[in-house]
Structures are given as C-alpha cells and as structure tokens.
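Given next are the chains, with one letter for each unit.
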Amino acid sequence: MQTPVSIFLIDDHPIVRNGIRSLIESMGPYKVIRQFDNGQDLIDAIPFDEAPQLMILDLAMPVMDGKETVKQLRALNVNIPVLILTLETDEQTIIELFRMGIRGYLPKSSTAEILKKAIDDVIHTGYYHNEILIKALTANTEDKAPQQPLVHATEREAEFLRLVCDEQEYTYEQIAHMMGISRRTVDGHRESLFEKFNIKSKTGLVLFAIKSGIYKVEQAKTQR
C-alpha cells in the first residue's frame, strides 16, 4: 500500500480548512497530519514532531499572514515545499512569493483536479506553475525592461539555466554530464545565479528564465 503524502494545512477558517482537508484526502494518497489557524501557530510549532512533505498555506490570515510566514520559514531554514491556496491573485504578490521560494500558487476557486495536479507536481517535480503565474510574469515584463538583465550571467551560467528549465527536468547530475563539468561546478553556477539575481530556489530559476526570455512562455504552458 502506498504511503500517503503528509500535508500541513494553514488557514484561519476552520470550516474551509476542514473542507479542503476532506477534499484532499478523498483525491488520492494524501494525509493532512496537522492544521494551523495562522502562520504564527505554525512557526511556534517548529521543530515539528513530524515534518510534512508539503504545506498548503493561505495568504490572508490574522496574527501572521502567509507572506510573512514564508519569510519566517526561510529565515529558519525550513525547506518544506509550500503551495499557496488563496483567494488573492495579485500579480506582484504571486511573483514576490515565487521569488521567496514557494512551489506553487492556486486560487481557492480551482477545481479538485487542478488542486490534485498542483500537489502531485510539487511532490514529484518540485514545483507547479499555471496560467495565473504566466499571466503575472507576462504583465510584469510587458511594458518595462527586465529588472535583472541576463547580461550579468556568464555564458556557462546561461547554458546551465536553459538546461534547468528544460521540459525533460534534468537532475543536476545529468546537467553536469551534458555540460561536461563536475557536479561541484554545476552547484557553483547555481549558487552564482542565486546570488546575482536574488533567487533562492529552482522555482526561482525557472521564473527568472521566463522573465529574462531564455525560457518562452509558450514552453511553460505546455508543462502545466
């Protein structure tokens, strides 16, 4: 029997939260192992007695909202994937949260099928992006020059970035082999890009590649 994916739910509305829990657990091998009313309750529970494989987090909460919660998690080096499920769809907020390292962003109006895909994508491929994100990125760059031009990246860093974003979802070991370099050098390219462009995750690299034009919006749409 397949071991269920363990999940934390953080939402300040118990009825909504319990409804989401019931929906999630009915869709597949998923188990909500803890629930929290707000981000502060979550942060106060660190270190967790049992860490989840995924956190599903609302944005608009009292005491500590979702954005501040993500900041605190990163500050405390808690690297559990975060999927945002919220009523808010502000484009700048979406981009900011992805740059902070979240793995996916969904409106609460999403269907059960889309929620299931988002959970599966985050668990199995590391991140989930959808039309909302693509729209936000497009709108964010449509009428202005890129805030972080790729000119600051070396040729080899740009090559690494293209491979990271490839639809084949190469591992870092495979990328090292394809570039004819060591895994340590690949890690160096990754860390250099993180530092140069204030990126904190592989998701951030993909989003930066879309914004910089290395990775086309049309390509991203095919991977939904």
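The structure reproduced in this document is the subject of the present report. (Residues numbered from 1 in each chain as written. Predicted model: local features only at pLDDT ≥ 70, side-chain atom pairs only at ≥ 80, totals over all residues. Heavy atoms only, no water.)

Things to note about the overall build of the chain
Check the secondary structure of the chain and you find 11 helices and 5 strands. Relative to its full complement of 224 residues, the chain shows a buried share of 47%. Taking all contacts inside the chain whose residues are at least 6 apart in sequence as the whole, residues at least 24 apart take part in 66%. As presented, the chain carries roughly 11200 Å² of accessible surface, and 50% of it is formed by carbon and sulfur atoms. (Helix = DSSP H or I, 4+ residues; strand = E, 2+ residues; numbered from the N terminus. Buried < 20%, exposed > 50% of the residue type's maximum accessible area, 1.4 Å probe, protein only. Contact = heavy atoms within 4.5 Å. Areas by Shrake-Rupley, 256 points an atom, 1.4 Å probe, with all protein chains shown as cover.)

Comments concerning the packing of helix H7 (residues 155–164) against helix H8 (residues 172–179)
Across the interface, H7 lies against H8 with an axial gap of 10 Å and an inter-helix angle of 130°. The angle between the axes of H7 and H8 places the two elements in the oblique class. When the axes of H7 and H8 are compared, the crossing they make is right-handed. Here H7 contributes Arg156, Glu159, Phe160, Leu163 and Val164 to the contact with H8, which in turn contributes Tyr172, Ile175, Met178 and Met179. Residues belonging to the contact of H7 with H8 are distributed by class as follows: 7 nonpolar, no polar and 2 charged. (Axes fitted to C-alpha atoms, helices over the stretch in contact; angles between N-to-C directions. Parallel < 35°, antiparallel > 145°, perpendicular 65-115°, else oblique. Left-handed = near helix turned anticlockwise from the far one by under 90°. Nonpolar A, V, L, I, M, F, W, Y, C, P; charged D, E, K, R; others polar.)

A look at the packing of H8 against helix H9 (residues 183–196)
Axes are the key here: two packed helices are described by the angle between their axes and the distance separating the axes. Interhelical geometry of H8 versus H9 gives an angle of 105° and a closest axis separation of 9 Å. Relative to H9, H8 is oriented roughly perpendicular. Contacts between H8 and H9 involve Tyr172, Glu173, Ile175, Ala176 and Met179 from the former and Arg183, Val186, His189 and Arg190 from the latter. Among the residues making up the contact of H8 with H9, the classes are represented as 5 nonpolar, 1 polar and 3 charged.

Focus: helix H1 (residues 14–27)
Since the α-helix advances by 3.6 residues per turn, residues separated by three or four positions end up pointing in the same direction. Along its 14 residues, H1 runs 20 Å from first to last C-alpha, staying within 8% of the 20 Å computed at 1.5 Å per residue. Within the sequence span of H1, burial applies to Arg17, Ile20, Ile24 and Met27. Buried residues along H1 cover an arc of 95° about the axis, so they all sit on one side. Along H1, exposed side chains directed more than 90 degrees from the buried face belong to Ile15 and Ser26. For H1, the elements touching its buried residues are strand S1 (5–10), strand S2 (30–36), strand S3 (54–57), strand S4 (82–86) and helix H5 (112–125). (Expected span 1.5 Å × (residues − 1). Arc of directions from axis to C-beta.)

Focus on the environment of Leu97
With respect to the element layout, Leu97 can be found in helix H4 (residues 91–100). In this structure Leu97 touches Leu59, Lys67, Val70, Ile84, Ile102 and Tyr105, once residues within four positions along its chain are discounted.

Here's the deal with the environment of Glu113
In this fold, Glu113 is placed in helix H5. The exposure class of Glu113 is exposed, given its relative accessible area of 66%. With 86 residues separating them along the chain, Glu113 and Met27 place their C-alpha atoms 8.5 Å apart.

Quick notes on the pairing of S4
By the criterion of burial, S4 is predominantly enclosed, with 5 of the 5 residues buried. Burial along S4 is two-sided: Val82, Ile84 and Thr86 and Leu83 and Leu85, pointing in opposite directions, are all buried. Here S3 runs beside S4; their pairing, made up of 3 bridges, is parallel. Bridge pairing in S4 places Leu57 opposite Ile84. Remark: the S3/helix H3 (residues 66–75)/S4 crossover connection has right-handed handedness. Two elements, S4 and strand S5 (residues 104–107), share 4 bridges in a ladder whose sense is parallel. The partner of Leu85 across the bridge, within S5, is Leu106. Regarding topology, H4 serves as the crossover connection from S4 to the parallel S5, and that connection is right-handed. (Pairing = 2+ DSSP bridges. Right-handed = clockwise from strand over helix to strand, strands pointing away.)

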